[in-house]
Amino acid sequence: MYKSGLTGRGNSRYGWSMLRSPNARVLLIQFTAPWHSFVGQAFGIAFLNLLTLGLYKPYGLTRLRRALYRQIYIGRDPLRYDGTARDLGRVTFYPALAALFLLLGPGIIQFYVAWPVAVGIGLVQLLVLIYYSKYLAYRNHQYAISQISWQGYPFSLSGAAGPVARRAFGLSLLNVLTVGALGVWQRISLTRLYYCGLHLGRHAITCQLSARSLVRPYYIGWVLVLLGWGLISWYGWHDGVQPVLSLLQGGPANPDMARAVNPALFTNPTLGGAMDSQTAAELGTFMHALILSFWLIPSGLLWQRLCLTAYELAYWRSLADGLRLGGSRLRFDGSWLGLAGLDSATLLLNMFFVNLTRPFTTYARLRYFSRHLVVTGPESLENILKPNVSPAVSDS
């Protein structure tokens, strides 16, 4: 549904300039799927994928997309997905299986050559896999976009997967070599590659993503992330890795580590009675290092998410503002607190429950973004999309 003026959701300072005009129109985006339906279908598809060793994936993904898109409304009209499992498998799934089998040959050769040659083959395999994953990701994105329509107007994305994959591959390598220093530029470039060339019907959707609002929050967050990981690495090395290495090299164990072990669990009268204090200290050293890794790594990842939340918020706002169709554009009015809570909960739940909570976190993410995204502009999308028809000339 359309609303005019400032009656739309989220009248934040960010959206004020776009809705200042009393003639501005706001088109709400809604995700109406009930959580139990979405989660149940996701688990069912995952179970069938497991039973068929992944062969059901194109069919399951097609089912899920069809059920998902018809529950996403732009105004009063839902999106529609017309893709088929056969086409999806031909575009992405079966090429991925073919690449996997093609790489088995070089993998077997590695067992019969000297280790420097084996390392070289492994490195080439890794680079090929990274490039090919970029290639398939764009083909999947392009195919999925081309199967979506709204009010009978199809979306489409022009562009070739090869050049996009080459550029994405090069940007990924540069970002890794610079320890994330080019992360913001990589993401901007990839976003432009993925969204420039987007059309709705015969009308182009431009992507005018600006880096101006992203650079400062990214580099502030990036520096904080490096400092956090540096502190975590030092603590993990000093209190976890170093004692284990010292023990493996024949050094004594710290007697205090024996407190981490319950001797009763390792007592067997038939094998010589209770554990001595030295053995308990050695076992406690290994257990302490293991337990330390279980909370240091999640703590580092959580710190990284929190430090980059301001950048994520700026990115989604800038992307929404940069996608334009005629005079219409998106507006994202999410908050730092909401996005930080969503990202943190998603990370921790999926990590500690081994991705079993992914359907729930995916559903929560869809609901969050649908609640905070609107289409706004001085003219309705229907008026922009409808063909210009010249008035009939009456006979006199």
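Since the model is a prediction, treat every value here as computed from it, not as a measurement.

A tally of helices and strands in the protein yields 13 helices and 11 strands. The buried share among the 396 residues of the protein stands at 38%. A separation threshold of at least 6 residues defines the contact pool for the protein, and within that pool the share at least 24 residues apart is 72%. Only carbon and sulfur atoms are counted for the fraction: they give 66% of the accessible area of the protein, which is about 23000 Å².

Two elements in contact, helix α11 (residues 336-352) and helix α12 (residues 358-372), have axes separated by 9 Å at closest approach and are oriented at 170°. Accordingly, the angle class assigned to the pair α11 and α12 is roughly antiparallel. The residues of α12 that touch α11, namely those facing Gly338, Leu339, Leu342, Asp343, Thr346, Leu349 and Asn350, are Arg358, Thr361, Ala364, Arg365, Tyr368 and Phe369. Counted by class, the contact of α11 with α12 contains 6 nonpolar, 4 polar and 3 charged residues.

Let's shift gears to helix α4 (residues 85-109). When the terminal C-alpha atoms of α4 are compared, their 35 Å separation across 25 residues agrees well with the 36 Å that a helix rising 1.5 Å per residue should span. Buried residues belonging to α4 abut α3 (57-69) and α5 (115-146).

Turning our attention to the environment of Phe43. Among the secondary structure elements, Phe43 is positioned in helix α2 (residues 35-51). Look at Phe43 and you get partly exposed, because its relative accessible area is 34%. In this structure, the C-alpha to C-alpha distance between Phe43 and Leu356, residues 313 residues apart in sequence, is 8.8 Å. Those residues in contact with Phe43, other than ones at most four positions away along the chain, are Leu356, Pro359 and Phe360.

Turning our eyes to something else, we now look at the packing of aromatic side chains. Applying the stated criterion to the full structure yields 19 aromatic pairs. With a centroid separation of 5.4 Å and 20° between ring planes, the pair formed by Phe332 and Phe369 is classed as stacked. Taken together, the residues span a long stretch of sequence, with Phe332 in strand β10 (residues 328-332) and Phe369 in helix α12 at a distance of 37 residues. Relative to Phe369, the ring of Tyr368 lies with its centre 5.6 Å away and its plane at 85°, an arrangement referred to as edge-to-face. As far as the burial class goes, Tyr368 and Phe369 line up, both buried. One cation-aromatic arrangement involves Arg187 over Tyr315; the distance from NZ or CZ to the ring centre is 3.7 Å.

Definitions and limits used
- Residues numbered from 1 in each chain as written.
- Predicted model: local features only at pLDDT ≥ 70, side-chain atom pairs only at ≥ 80, totals over all residues.
- Heavy atoms only, no water.
- Helix = DSSP H or I, 4+ residues; strand = E, 2+ residues; numbered from the N terminus.
- Buried < 20%, exposed > 50% of the residue type's maximum accessible area, 1.4 Å probe, protein only.
- Contact = heavy atoms within 4.5 Å.
- Areas by Shrake-Rupley, 256 points an atom, 1.4 Å probe, with all protein chains shown as cover.
- Axes fitted to C-alpha atoms, helices over the stretch in contact; angles between N-to-C directions.
- Parallel < 35°, antiparallel > 145°, perpendicular 65-115°, else oblique.
- Nonpolar A, V, L, I, M, F, W, Y, C, P; charged D, E, K, R; others polar.
- Expected span 1.5 Å × (residues − 1).
- Phe/Tyr/Trp six-rings, centres within 6.5 Å; stacked < 30°, edge-to-face > 60°.
- Lys NZ or Arg CZ within 6 Å of the ring centre and 35° of its normal.

These results come straight from atomic positions and should not be treated as a statement about function.
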